[in-house]
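Results of the structural survey
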Amino acid sequence: SFNGRVGRATIFEWISGAELATRPELRRKHAVMNAVITVQGDRAEATSDLVMFDQVGNAPWTIRVGRYTDELERQPAGGWLLSKRHLEMTSPASS
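Presented here is an overview of the structure given in this document. In this text, all values refer to a predicted model and were calculated from it rather than measured experimentally.

Criteria and cut-off values
Residues numbered from 1 in each chain as written. Predicted model: local features only at pLDDT ≥ 70, side-chain atom pairs only at ≥ 80, totals over all residues. Heavy atoms only, no water. Helix = DSSP H or I, 4+ residues; strand = E, 2+ residues; numbered from the N terminus. Buried < 20%, exposed > 50% of the residue type's maximum accessible area, 1.4 Å probe, protein only. Patch = residues over 30% accessible without salt bridge, like charges linked within 9 Å, V, L, I, M, F, W, Y side chains within 5 Å. Areas by Shrake-Rupley, 256 points an atom, 1.4 Å probe, with all protein chains shown as cover. Salt bridge = Lys/Arg side-chain N within 4 Å of Asp/Glu carboxyl O. Pairing = 2+ DSSP bridges. Axes fitted to C-alpha atoms, helices over the stretch in contact; angles between N-to-C directions.

Structural notes on unusual backbone geometry
The backbone of Asn 3 sits at a positive phi, close to 50°, despite the residue not being glycine. With respect to the helices, strands and loops of the structure, Asn 3 is situated in the segment before α1 (8-16). Residue class for Asn 3 comes out partly exposed when judged on its relative accessible area of 31%. Of note in the backbone geometry, Asn 34 takes a positive phi value of approximately 55° without being a glycine. By the element assignment, Asn 34 lies in strand β1 (residues 26-40).

Below is the structure:
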C-alpha cells in the first residue's frame, strides 16, 4: 500500500493520474537520504527523509521536504519488497 492505496493496479492508476503524468511542463527531482532500517527476521521497517525539487516551465525551483515510513518483507528468493509506504510532507513548497 502507498498512503492508503492498496494493490499495484490501484497505485499505478493513482500515479498515472498524478501531476507528473498530467503536467508535461513539471520537472521533478527526488533526493532520498538518512535511511534508518530496522530488520526483524523477514520484516523490516525503514524511515528516510525526502527533499523534492519542482520546476514548472522556466519558473524558479521550489523545494518540499517529507518523510517516508516503509514496511518491507523479505521474499522467498531473498530480495526485499515494500509492503507498505507512507509519505508525509513536512513542509510546504518554497522557492
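A few points about a nonpolar patch on the surface
Residues Ile 37, Val 39 and Trp 80 make up a contiguous nonpolar surface patch of roughly 290 Å² in combined accessible area. Inspection of the secondary structure assignment puts Trp 80 in strand β4 (residues 80-89).

Here we look at the sheet that holds strand β3 (residues 62-74)
Pairing is antiparallel in the open sheet, where four strands are placed in the order β1-β2-β3-β4. The sheet is open, and its two edges are formed by β1 and β4, each paired on a single side. On average, adjacent strands in this sheet sit at an angle of 25° to one another, irrespective of strand direction. As paired elements, strand β2 (residues 43-56) and β3 share twelve bridges and run antiparallel to each other. Across the sheet, the residue bridging to Val 51 is Val 65, located in β3.

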